[in-house]
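Summary of the model geometry
Residue-level listing of the chains:
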Amino acid sequence: MFHTDVKPRAALAEYDQSLVWAAVLLIGLGLVMVYSASIAIAEGSRVTGNQPTYFLVRHGLFAAVSLAAAIAAFQVPLRWWQQAAPFLFLFGAGLLVLVLVPGVGREVNGSQRWIPLTFVTVQPSELMKLFAVLYAADYTVRKAAHMASFRWGFLPMFIVMLVVGGLLLREPDFGAFVVITVIALGVLFLGGMNWKLFAGLFGLLVVGFVGLILASPYRLQRVVGFMDPWADPYGKGYQLSHALIAFGRGEWLGVGLGASVEKLFYLPEAHTDFLLAVIAEELGFAGVAAILLAFIWIVTRAFVIGRRAASLERHFSALVAQGIGLWIGVQAIINAGVNTGMLPTKGLTLPLVSFGGSALLATCCALAVLLRIDWENRQLMRGFTV
């Protein structure tokens, strides 16, 4: 093994190009569909200045900034990410506290999840997903010898995630809480947590989730509405019933790009949480299938890259890659499940596709880290150091 000064920019072909193209496909389709889904609401709102391209322009700027940030993130070696992981996690936790401070966090539809800056708003829970992946991977590697211990392996991480979960539920952002919990649990399990501890924790989480639903009237209403949206189609089941109508109208090939009826002030959050329903209406089963296949490919490649890193004894990199795959896969499944009525309504966007700057930024940076892991794997397999 010998040293090389080869830089990531000089090795353009030495990464998973199929992963890049899958992400570019989703981002590009997202731009088109966000514009299609948001034209009516943008024209009819004074907040947007009645400009039909308002959301398209903003989403385009978000995409440009996110891609620039991803290119920068790709330049950072994984050893630096590992060293920074605890500090990034603390920074993310600080943002979760800051967003709850009166006068600092912005409240929208009863949720206080955003910090307004000069030109944009930041959603800390989206950034925390990436920080959680990095921290959980670093913690698991550092505590590898104690992963079978309840006191030294499980309990510290449980306390940390309990604090973060409490902050997320204060916003409230139950969807982000679920995703971050899955990330932490998945990385711990993949890192060698004792299966009995994992099973016990999983049982506690199920009980906790049920308790949270029963203790909150609005969450309980969402579950009731999800079970039978047609029982109250103008109340609790309004959003889901219109999403299902959109899927029904789309059939196999859709009604045509731009021809959706549900986006015309019928389906709330048509360009964010329920964008998949508009895609189903306009592009049909074919469009939805293409999107799901792209996500399946990204998740599969993440686990393949992680497995290759593990074979090279790069355990932190392996867990980060698999954690990113878990994050994107679980969030895509939840969003698709919500849109199709298979899961209760939750405020989670479709990664890389839905409107939202913080979510797009965090996901693009995560994919850049994944590509960096793949690049470093290939360098090591060729005999170079990284």
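Report follows, based on the coordinates. Note that the structure is a prediction, hence the values are computed from the model and not measured. (Residues numbered from 1 in each chain as written. Predicted model: local features only at pLDDT ≥ 70, side-chain atom pairs only at ≥ 80, totals over all residues. Heavy atoms only, no water.)

1. Section: the overall build of the protein chain
Check the secondary structure of the protein chain and you find 12 helices and 3 strands. Taking 21 Å as the expected radius of gyration for a compact globule of 386 residues, we find that the protein chain reaches 21 Å, a close match to that expectation. On the principal axes, the C-alpha backbone points of the protein chain span a range of 65 × 50 × 40 Å. Buried positions account for 51% of the 386 residues belonging to the protein chain. For the protein chain, contacts bridging at least 24 residues in sequence account for 72% of all contacts bridging at least 6. Here the protein chain displays about 17,700 Å² of accessible surface, and carbon together with sulfur accounts for 69% of that area. Considering the protein chain, the positive charge centre built from 26 side chains and the negative charge centre built from 20 side chains are found 9 Å apart. (Helix = DSSP H or I, 4+ residues; strand = E, 2+ residues; numbered from the N terminus. Rg over C-alpha atoms; globule rule 2.2 N^0.38 Å. Buried < 20%, exposed > 50% of the residue type's maximum accessible area, 1.4 Å probe, protein only. Contact = heavy atoms within 4.5 Å. Areas by Shrake-Rupley, 256 points an atom, 1.4 Å probe, with all protein chains shown as cover. Lys, Arg positive; Asp, Glu negative; His and termini not counted. Charge placed at Lys NZ, Arg CZ, Asp CG, Glu CD.)

2. Concerning the nonpolar core
Membership of the largest hydrophobic core comes to 107 residues, with the highest contact counts inside it found for Val 320 and Leu 352. A total of 14 residues in this core trace back to one element, the largest contributor, which is helix H10 (residues 275–311). With near-sequence residues (within four places) excluded, Val 320 lies in contact with Val 133, Leu 134, Ala 137, Val 369 and Ile 373. (Core = buried A, V, L, I, M, F, W, Y, C linked by side-chain atoms within 4.5 Å.)

3. Considerations on unusual backbone geometry
With an omega of -5°, the peptide bond between Glu 171 and Pro 172 qualifies as cis. Mapping Pro 172 onto the fold places it in the loop between helix H5 (150–170) and helix H6 (174–190). Even without being glycine, Phe 265 reaches a positive phi, approximately 70°. With respect to the element layout, Phe 265 can be found in the loop between helix H9 (238–250) and H10.

4. Quick notes on the packing of aromatic side chains
In total, this model carries 8 aromatic pairs according to the counting rule given. Geometrically, the ring pair formed by Phe 62 and Phe 355 is tilted, given 5.7 Å between the ring centres and 50° between the ring planes. Taken as a pair, Phe 62 in helix H2 (residues 54–74) and Phe 355 in the loop between helix H11 (315–339) and helix H12 (357–381) lie far apart in primary sequence, 293 residues in all. Owing to a relative accessible area of 15%, Phe 62 belongs among the buried residues under this scheme. Here Trp 252 and Phe 285 contribute two aromatic rings whose centre-to-centre distance is 5.3 Å and whose plane-to-plane angle is 75°, an arrangement assigned as edge-to-face. With Trp 252 in the loop between H9 and H10 and Phe 285 in helix H10, this residue pair connects regions lying 33 residues apart in the sequence. Using a relative accessible area of 63% as the deciding quantity, one classes Trp 252 as exposed. (Phe/Tyr/Trp six-rings, centres within 6.5 Å; stacked < 30°, edge-to-face > 60°.)

5. Here's the deal with the environment of Ala 137
Considering the arrangement of structural elements, one finds Ala 137 in helix H4 (residues 124–142). The spatial distance from the C-alpha of Ala 137 to the C-alpha of Gln 322 is 9.5 Å, given a sequence separation of 185 residues. Contact partners of Ala 137, with chain neighbours within four places excluded, come to Val 187, Phe 316, Leu 319 and Val 320.

6. Quick look at the pattern of salt bridges
What the rule picks out here adds up to 12 salt bridges. A salt bridge links Asp 374 to Arg 308; the shortest N-O distance between them is 3.5 Å. Of this pair, Asp 374 sits in helix H12 while Arg 308 is found in helix H10, placing the two residues 66 residues apart along the sequence. On the basis of relative accessible area, Asp 374 is assigned to the buried category, the value being 0%. For Arg 308, a relative accessible area of 25% gives the class partly exposed. We note a salt bridge from Arg 372 to Glu 376, for which the minimum N-O separation is 2.8 Å. With Arg 372 and Glu 376 both in helix H12, this residue pair falls 4 residues apart, about one helical turn. When its relative accessible area of 3% is taken as the criterion, Glu 376 is described as buried. Here the salt bridges do not stand alone but share partners, grouping Arg 308, Asp 374 and Arg 378 into one network. (Salt bridge = Lys/Arg side-chain N within 4 Å of Asp/Glu carboxyl O.)

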